[in-house]
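A structural walkthrough
Residue-level listing of the chains:
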Amino acid sequence: MGLVARTKSADRAVGWLGLCSVAVLAHCPGCTAWAGTWEGWAAIAAEMALSHRVPREVLSEADLEEVAQRKLPTKPSLRSYLHKTRCSTSTAKSLLFQFLPFLRWLPRYPVKEWLLGDITSGFSVGIMHLPQGLAYALLAGLPPVTGLYSSFYPVFLYFFFGTSRHNSVGPFAVISVMIGSVTESLVPSENFLEAVNGTNVTMVNEERRDAARVELVAAITVLTGIFQVVLGLLQFGFVVTYLSDPLVRGYTTAASVHVLVSQLKNVFGVSLGEHSGPLSMFMTFIEICQKLPETNVGTLVTAIIAMVAIFIVKELNHKFAAKLPMPIPIELITIIISTGISYGVNLKTKFGISVVGNIPSGLKPPVVPNFSYFGQVVGNAFAIAVVGYAICISLGKIFALKHGYKVDSNQELIALGFCNFLGGFFQCFAISCSMSRSLVQESTGGNSQVAGVIASLVILVTIVKIGELFRDLPKAILAAIIIINLKGMFKQFSDIRTLWKSNRVDLMVWIVTFVATLLLNLDIGLGVSVAFGLLTVIFRTQLPHYSILGRISDTDIYRDVAEYQMAQEVPGVKIFRSSSTLYFANVELYAEALKKKSGINVDRLIEKKKKALKKLKKQQKKAEKENAKRKKDAEDRLNGPGVAVIELSGAEGSTPPKPTLRTLGLPQPSFHAVVLDFSPVSFMDTVSIKILKNIFRDFHEIEVDVFVAGCPVPVLAQLERSNFFSSAITKHSFFPSVHDAVVHIGAEQHQASVDLSTRM
């Protein structure tokens, strides 16, 4: 019964609207200009009534606050804050489990299901750590043994603090080359030249240089750890969001080019000067080209043979990954064979092939870093902290999504921070996660951080007993290992083709990051890349997509009329939408786009109205003077001021009608209402609120009502705090949806037509 009654009511409303529009046109010949609008409203009202039988009272934001009883924002009191931070047994236990995640998962560790896989995986990764640790230490410009330390201490510590089950932390090429650029600029080899036996011949005292560089890198590593721990404790894990995926991939690709160029000297066996700062990579490459005639043939042949062997076996590992129980440890096999050949043939003496040299056995006691370096390396340390974390968390989230567990981004930041901070006291350099080792850890059955402990124990045995046996290892072999491991990062050049098809702005970020990192070096390049990435965001918010919305027939859905054929503009109403939020950088463009999309020059019309009003005012003053003069003449003729007094009283009692665009002879807009769709608006600042007020004022001047639809509650609260609402602009002009606003406008027009027909 209720539905039938509501249907009849809707039909009656449609009938009334039709009758009223006919009555208005019959009694008001001057209103024919609005005939299309009234007929359009009659048609759309009929369509709404017939297609939306479910009744719902149209609510403005003011009505909605009353009906839904909106809660007023409350500020937390000091007492409630202290209550939340009160120390209790459960709070202490929760914090302990948060900072030491192994306490949560280790007691529930499924030994039978996971232990064998973790042991196999840990052994496989440990075998990879050995050659990569030695190679990446060379890349960082440090003694090879520091690479072994960096493969032991941080990996072992990550077991206690980390939340990723598959990340293999330790030395990483990009971080190593970032450290290498700092060591070469602050502790160059030229500072350690010494005369040989009192002659004019000078040689670099490598022992003193290496000791100075280890001291510098220890300070960088500790400071990097401090940054990461502090950011993690402050819940700043989101800082990595400023490094978009195209930015990180462009940066790591450029860093891999830096790595490649830095290792060419070890491939060709030439000695180079050390270059730092912008364009240093190009200066290094030019010097290598100049010294190609001095190439050590033995070194070059050794490097080529090693690269070919490692590449072929790695390809076989990839091709037969499903059939092999574990990847063939070609890197370890290569360094063992090459060390044996170098020792047996005495490659250093006979062919002048540079070798690793002495690798001290055993662990060293912790040493407090030199804090005086902090001021010189603070920028580099922060860059290393952010890049290292970005690579680590991106890998961790990939594996977590694949295996169905969660990685805590802030705890990962703390875990890396503690690994670096504590590792710095033991002559380690800053670490991150290696994709190649992590993939091996996952593919060989690794299920938890126990695999990392097993890998660290393999390195511990190497440091204590085996490391000194690799003193005759040719550096060309380590360079070959580094270069072949760059293959994965060089594959990222394919991003250019992918991004060209999918997103040109992201492609610009990738290219700018790549070029800036190549030209300006790794630290400055990262800063330029982040700045450019943020500029693209600002650029995109400054130039959003503006559209006029129309209603899809038989629905309450509104879409861009330029993109949807079935979307029809509501007669007499302009529904405007921007795809971005509003703030100082784009709000003026928003106002200009609104006026342009409305199809009328609002500012010009306001200017014409002001001129017409000024002219009308002058005419009224002139008429008043003429009337006063005529009345005075009449008084003089009649000698009776009584008549004039009566006429003046009548004139004073009548109020002249308010001038309108029509009475002023100005063109009238083809619409009488504007609806601003605020659903994409997430925040507003003082400038945008001021411009919004101006929009209301300007359209009111040309007799167009402005309504706002879909305004989020936080934005509404901002408007309240900024004293936006007044007697002229109330919350009754704000609606929870575009459809509410359109129905409200239709009801207003219906009521206006009824009132007009009644007066007629």
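Residues numbered from 1 in each chain as written. Predicted model: local features only at pLDDT ≥ 70, side-chain atom pairs only at ≥ 80, totals over all residues. Heavy atoms only, no water.

Some points on the pairing of strand E5 (residues 546–552)
- Burial analysis of E5 places seven of its seven residues in the buried class, which makes it a mostly covered element.
- Across four bridges, E5 lies against strand E8 (residues 573–578) in antiparallel orientation. Directly across from serine 547, in E8, lies its bridge partner arginine 577.
- Bridge analysis of E5 against strand E6 (residues 558–560) gives three bridges, and the strand direction is antiparallel. Along E6, the bridge assignment pairs leucine 549 with aspartate 560.
- Linking E5 to E6, which pair antiparallel, is a turn of five residues; within it aspartate 554 sits at a positive phi near 65 degrees. (Buried < 20%, exposed > 50% of the residue type's maximum accessible area, 1.4 Å probe, protein only. Helix = DSSP H or I, 4+ residues; strand = E, 2+ residues; numbered from the N terminus. Pairing = 2+ DSSP bridges.)

A few points about the pairing of strand E10 (residues 705–709)
- The buried fraction of E10 is high, at four of five residues.
- In the sheet, strand E9 (residues 673–677) pairs with E10 via five bridges, with the strands oriented parallel. If you follow valine 674 over to E10, its bridge partner there is valine 706.
- You can see the chain leave E9, run along helix H27 (residues 686–701) and come back into E10, and the turn it takes is right-handed.
- Note: E10 against strand E11 (residues 734–735), two bridges, orientation parallel. In the strand pairing of E11, valine 708 is matched with phenylalanine 734.
- Each parallel crossover has a hand, and the one from E10 via helix H28 (residues 713–721) to E11 is right-handed. (Right-handed = clockwise from strand over helix to strand, strands pointing away.)

Quick notes on the side chain of serine 432
- Residue placement: serine 432 occurs in strand E4 (residues 432–433).
- In this structure the side chain of serine 432 is engaged in a polar contact, spanning 2.8 Å, whose partner is the backbone oxygen of glycine 388.
- For serine 432, the contacting residues outside a window of four places in its chain are Ser168, Val169, Gly170, Phe172, Ile175, Gly388, Ile391 and Cys392. (Polar contact = N/O pair within 3.5 Å; in protein donor to acceptor, adjacent residues only side chain to side chain. Contact = heavy atoms within 4.5 Å.)

Concerning the side chain of glutamate 287
- Tracing the backbone shows glutamate 287 in helix H12 (residues 280–290).
- Taking relative accessible area as the criterion, glutamate 287 reaches 14% and is therefore assigned buried.
- Those residues in contact with glutamate 287 that lie beyond four places of it in its chain are Leu272, Gly273 and His275.

What to know about empty space enclosed by the protein
- If you walk through the whole model with that rule in mind, you get three cavities of 30 Å³ or more.
- If you add up the space inside the largest cavity, you get close to 90 Å³.
- Along the walls of the largest cavity sit 13 residues, with Val155, Asn167, Ser168, Gln441 and Gly452 positioned nearest its centre.
- The set of elements that each furnish at least two residues to the lining of the largest cavity consists of helix H7 (111–139), helix H8 (144–161) and helix H19 (450–466).
- Of the residues forming the lining of the largest cavity, the biggest block, three residues, is contributed by H8.
- The residue makeup of the lining of the largest cavity, split by class, is six nonpolar, seven polar and no charged.
- Of the voids in this model, the second largest cavity is the one considered here, and its volume is about 50 Å³.
- Residue lining of the second largest cavity: Leu243, Leu247, Val248, Tyr251, Thr252, Val387, Ala390, Ile391 and Leu526, and that is the complete set.
- Going through the elements one at a time, helix H11 (245–268) and helix H16 (374–403) are the ones with two or more residues in the lining of the second largest cavity.
- The dominant element in the lining of the second largest cavity, judged by the number of residues it contributes, is H11, at four residues.
- Taken together, the residues of the lining of the second largest cavity sort by class into eight nonpolar, one polar and no charged. (1 Å grid on protein atoms, 1.4 Å probe; cavity = no way out; pocket = protein on both sides within 12 Å on 5 of 7 lines; lining within 4 Å. Points joined across faces, edges and corners; volume = space filled by probe spheres on them. Nonpolar A, V, L, I, M, F, W, Y, C, P; charged D, E, K, R; others polar.)

Details of the environment of threonine 513
- Within the secondary structure layout, threonine 513 lies in helix H23 (residues 504–542).
- Assessed through its relative accessible area of 0%, threonine 513 is described here as buried.
- Remark: the alpha-carbon pair of threonine 513 and valine 248, spanning 265 residues in sequence, is separated by 8.4 Å.
- With residues near it in sequence (within four places) discarded, threonine 513 still touches Leu247, Gly250, Tyr251 and Ser529.
- One polar contact links the side chain of threonine 513 to the main-chain carbonyl oxygen of valine 509, over a distance of 2.7 Å.

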